[in-house]
Amino acid sequence: MTWGRQMSQALCSSDSGLFSTPSCVFFLLILIMSLPTAFQGPTSYHVIQISQFANSTWAQNQGSGWLDDLQIHGWDSESGTAIFLKPWSKGNFSEEEVIELEELFRVYLVGFIREVQDHASEFHMEYPFLIQGIAGCELHPGKTTVSFLRGALGGLDFLSIKNDSCAPAPEGGSRAQQFCALISQYQGICDTIAKLLLETCPQYLLGVLDAGKAELQRQVKPEAWLSSGPTPGPGRLLLVCHISGFHPKPVWAMWMRGEQEQPGTRRGDVLPQADGTWYLRVTLDVAAGEAAGLSCRVRHSSLGDQDIVLYWGRPTSIVLIILAIAVPSLILLICLALWHFRRWPYQNIS
């Protein structure tokens, strides 16, 4: 499932005393187990938790924080500390606020594993198993925000928090219903989680968008070129359009015939590059005799209204190749002629 990589940790409050009772972390376990479909938006933040349980004594947590599809936080499970991947990853939070939240995550993750292992048999969870979760908020037009917290068990939707209440997913069966029944007993914890999702997350999101705007809003124009891929079969061609070095990530690319989009166009994943830009590969499998007249069209915010259009087998390409060969050759001939005429008088004198 595409959202399986985007599941996150639940947020917690430092002054609530939630970690003073075993039920707190178990409650967070329930909240963590639900997944949203992958969203794509220009302004969203979410944290991901993936917890692997091999047996009753061995487990491991992985955590990360994402601004849209850009990772800006990691988690060092050995030291129990956050990893800030960007200079502006702390947003407008003070050092004290960051340290406080970091401590909450550390205590939560340790308690999470302990509580899951203690209750695994009660909820008939067979080892090994995987728990995944996502929590965050998304900024909508008008600076309104929508928060979410969902989770999955073994890669399947388990439950979610909707309108301050627990909603078991159909895939979760009776186990998810049991978890939701347990959640309803802890209204105080639900209120704390709601506050963090509805207030803390939006505050952080607005702050980090402002702190990182220089990088987030930069525009880098793509470069594009065409090539042929491995032969799909006898009499066929695989046309490949490469788009590289663009930022931000959203880009549109399509193989066209005139103004008609080619339905056989296949778009690869948009992949990150070392310099923070992106790369995309778009292909089209066609009969060799039908390749002429096809073009790859690229649209990106950095280009404005000037799309990049590359034509397959365009005659001007052949002309350019001929010129690339002929011009250096002509220059060489001129140089040889000049050298010969400069030496010619001396040859006559001798």
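These numbers were taken from a predicted model, which means no experiment stands behind them.

What counts and how
Residues numbered from 1 in each chain as written. Predicted model: local features only at pLDDT ≥ 70, side-chain atom pairs only at ≥ 80, totals over all residues. Heavy atoms only, no water. Helix = DSSP H or I, 4+ residues; strand = E, 2+ residues; numbered from the N terminus. Buried < 20%, exposed > 50% of the residue type's maximum accessible area, 1.4 Å probe, protein only. Polar contact = N/O pair within 3.5 Å; in protein donor to acceptor, adjacent residues only side chain to side chain. Contact = heavy atoms within 4.5 Å. 1 Å grid on protein atoms, 1.4 Å probe; cavity = no way out; pocket = protein on both sides within 12 Å on 5 of 7 lines; lining within 4 Å. Points joined across faces, edges and corners; volume = space filled by probe spheres on them. Nonpolar A, V, L, I, M, F, W, Y, C, P; charged D, E, K, R; others polar. Pairing = 2+ DSSP bridges. Phe/Tyr/Trp six-rings, centres within 6.5 Å; stacked < 30°, edge-to-face > 60°. Lys NZ or Arg CZ within 6 Å of the ring centre and 35° of its normal. Arc of directions from axis to C-beta. pLDDT = per-residue confidence, 0-100.

K.L.:
Outline the side chain of His-300, listing residues and values.
P.N.:
Along the chain, His-300 turns up in the loop between strand S16 (294-299) and strand S17 (308-311). A residue is classified by how much of its surface remains accessible, and His-300, at 4% relative accessible area, is buried. Of the polar contacts made by the side chain of His-300, one reaches the side chain of Ser-302; its length is 2.7 Å. Ignoring sequence-local partners within four residues, the contact set of His-300 consists of Gln-219, Val-220, Pro-222, Phe-246, His-247, Pro-248, Pro-250 and Val-251.

K.L.:
Outline empty space enclosed by the protein, listing residues and values.
P.N.:
The final tally for this structure, using the stated rule, is one cavity of 30 Å³ or more. Considering the residues around the largest cavity, the lining is formed by 22 residues, among which Tyr-45, Val-47, His-73, Leu-101 and Phe-105 are closest to the centre. At the level of elements, strand S1 (44-53), strand S2 (59-67), strand S3 (70-76), strand S4 (81-84), helix H2 (95-119) and helix H4 (187-211) are the ones that each hand at least two residues to the lining of the largest cavity. Its residues assigned to classes, the lining of the largest cavity shows twelve nonpolar, eight polar and two charged.

K.L.:
Describe the sheet that holds S17, naming the residues involved and giving the relevant values.
P.N.:
Strands sit in the order S12-S11-S16-S17 across an open sheet of four strands; the sheet is antiparallel. Whereas interior strands pair on both sides, the edge strands pair on one side only; in this sheet they are strand S12 (260-261) and S17. Examined bridge by bridge, strand S11 (residues 252-257) and S16 share six bridges and lie antiparallel to one another. Counted as the bridge partner of Trp-252 is Arg-299 from S16.

K.L.:
Any details on the pairing of S3? Residues and values, ideally.
P.N.:
Taken together, the four bridges between S2 and S3 define a ladder with antiparallel strand orientation. Residue pairing in the sheet places Trp-66 in a bridge with Gln-71 of S3. What sits between S2 and S3 in their antiparallel hairpin is a turn of two residues, with Asp-68 showing a positive phi close to 55 degrees. Direction of pairing for S3 relative to S4: antiparallel, over a ladder of four bridges. The residue bridging Gly-74 from the neighbouring strand is Ile-83, located in S4.

K.L.:
For the packing of aromatic side chains, give the residues involved together with the corresponding values.
P.N.:
Within this structure, the stated rule accounts for nine aromatic pairs. Geometrically, the ring pair formed by Tyr-45 and Tyr-204 is edge-to-face, given 4.9 Å between the ring centres and 65 degrees between the ring planes. With a gap of 159 residues between them, Tyr-45 in strand S1 and Tyr-204 in helix H4 connect regions that are remote in the sequence. On the numbers, 6.3 Å between centres and 50 degrees between planes, the contact of Phe-53 with Phe-112 is tilted. Taken together, the residues span a long stretch of sequence, with Phe-53 in strand S1 and Phe-112 in helix H2 at a distance of 59 residues. Under the relative-accessibility criterion, Phe-112 is labelled buried at 0%. Members of the aromatic cluster, connected to one another through ring pairs, are Phe-53, Tyr-108, Phe-112, Tyr-127 and Phe-129. Sitting over the ring of Phe-84, Lys-90 keeps its end group 5.0 Å from the ring centre. Over the aromatic face of Trp-252 sits the side chain of Arg-299, whose NZ or CZ is 4.3 Å from the ring centroid.

K.L.:
Give a description of helix H3 (residues 173-183) that names residues and reports values.
P.N.:
Within the span of H3, buried status applies to Ala-176, Phe-179, Cys-180, Leu-182 and Ile-183. Buried residues along H3 cover an arc of 160 degrees about the axis, so they all sit on one side. Those residues of H3 that are exposed and aimed more than 90 degrees away from the buried face are Ser-174 and Gln-177.

K.L.:
Which residues make up the confidence of the model for the protein chain, and what are the values?
P.N.:
In this model, the protein chain carries an average pLDDT of 82, and 79% of its residues clear a pLDDT of 70 or more. Every residue in residues 1-42 is under pLDDT 50, and counting partners more than four places away or in other chains gives 157 contacts. Every residue in residues 315-321 scores below 50 in pLDDT, and together they form zero contacts with partners more than four places removed in sequence or on other chains.

K.L.:
So what's going on with unusual backbone geometry? Residues and values would help.
P.N.:
With the exception of glycine, the majority of residues adopt a negative phi angle, and the majority of peptide bonds are in the trans configuration. Omega for the peptide link from Tyr-127 to Pro-128 comes to -10 degrees, which places this bond in the cis form. If you trace the backbone, Pro-128 turns up in the loop between H2 and strand S5 (129-140). Even without being a glycine, Asp-68 presents a positive backbone phi close to 55 degrees. Among the structural elements, Asp-68 can be located in the loop between S2 and S3.

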